[in-house]
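Now for the letters of each chain:
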Amino acid sequence: ANKYNKVLDSLFKSNNIFVMRLNEAMARIGDSSCVKEMIEQINSQTIAIGDMRDSSQELGESIENIVSSVQTIQETSHEALTASAESVASMEETIRIVDASVKQIQAINAQINAELWSAYLYLAMSLDAENKGYKGVANWFFVQFQEEQDHARIFMNYLNSVDAKVTLLPIDEVPAQWDSVLE
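Residues numbered from 1 in each chain as written. Predicted model: local features only at pLDDT ≥ 70, side-chain atom pairs only at ≥ 80, totals over all residues. Heavy atoms only, no water.

Peer 1: Help me get a handle on the overall build of the protein, residues and values and all.
Peer 2: Per the secondary structure count, the protein includes three helices and zero strands. When its helices and strands are written in sequence order, the protein yields α-α-α. The C-alpha radius of gyration computed for the protein amounts to 50 Å, which surpasses the reference 16 Å derived for 183 residues by more than 25%, pointing to a less compact arrangement than a globule. For the C-alpha atoms alone, the extent of the protein along its principal axes is close to 155 × 25 × 20 Å. Relative to its 183 residues, the protein shows a buried fraction of 21%. Of the contacts formed within the protein by residues at least 6 apart in sequence, a portion of 75% connects residues at least 24 apart. Counting only carbon and sulfur atoms, one obtains 57% of the accessible surface of the protein, whose full area is about 13600 Å². For the protein, the centre of its 13 positive side-chain charges and the centre of its 27 negative side-chain charges are spaced 14 Å apart. (Helix = DSSP H or I, 4+ residues; strand = E, 2+ residues; numbered from the N terminus. Rg over C-alpha atoms; globule rule 2.2 N^0.38 Å. Buried < 20%, exposed > 50% of the residue type's maximum accessible area, 1.4 Å probe, protein only. Contact = heavy atoms within 4.5 Å. Areas by Shrake-Rupley, 256 points an atom, 1.4 Å probe, with all protein chains shown as cover. Lys, Arg positive; Asp, Glu negative; His and termini not counted. Charge placed at Lys NZ, Arg CZ, Asp CG, Glu CD.)

What follows is the structure, encoded as structure tokens:
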């Protein structure tokens, strides 16, 4: 647009110089209709060149506005892409935490099952000892049975406190009798 304006300015100046020389020649020649017609054409061309220069300036301003708009779009797009990437990273971290939590909850539920199995085993031992007349040993095994239940309850309370689901799994069968207390 600037080069175009320079060309138009150059044409405008050369036309003005030409008009001035033509006016001088007219003064010498006198009143000739052919010369007047040429002067009118030159004046018309001068006006057209001026209009072209104005249009060129408007075109240059429009191009500058377009360039500015493109830069704004590029900056906004970059910000949107950055925000999107951060959102994806945050979601991936959340998924990782949830996966880890699920594994921990499963492990705690497995521990609850192990505690209840141990309680069931101590209860079976207590009953066997009582049937054999070992009242003190039966009582000790029964206290162990209660402790194992308490351990399971602690884990259950924890899961409930963090709004996790307690899953009671089937308890494997335990032996029902032993040949001796030492077994």
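So, next bit.
Peer 1: Any chance you could break down the pattern of salt bridges for me, citing the residues and the numbers?
Peer 2: Applying the stated rule across the entire model yields one salt bridge. Residue Asp128 is joined to Lys132 by a salt bridge in which the shortest nitrogen-to-oxygen separation is 3.2 Å. When its relative accessible area of 37% is taken as the criterion, Lys132 is described as partly exposed. (Salt bridge = Lys/Arg side-chain N within 4 Å of Asp/Glu carboxyl O.)

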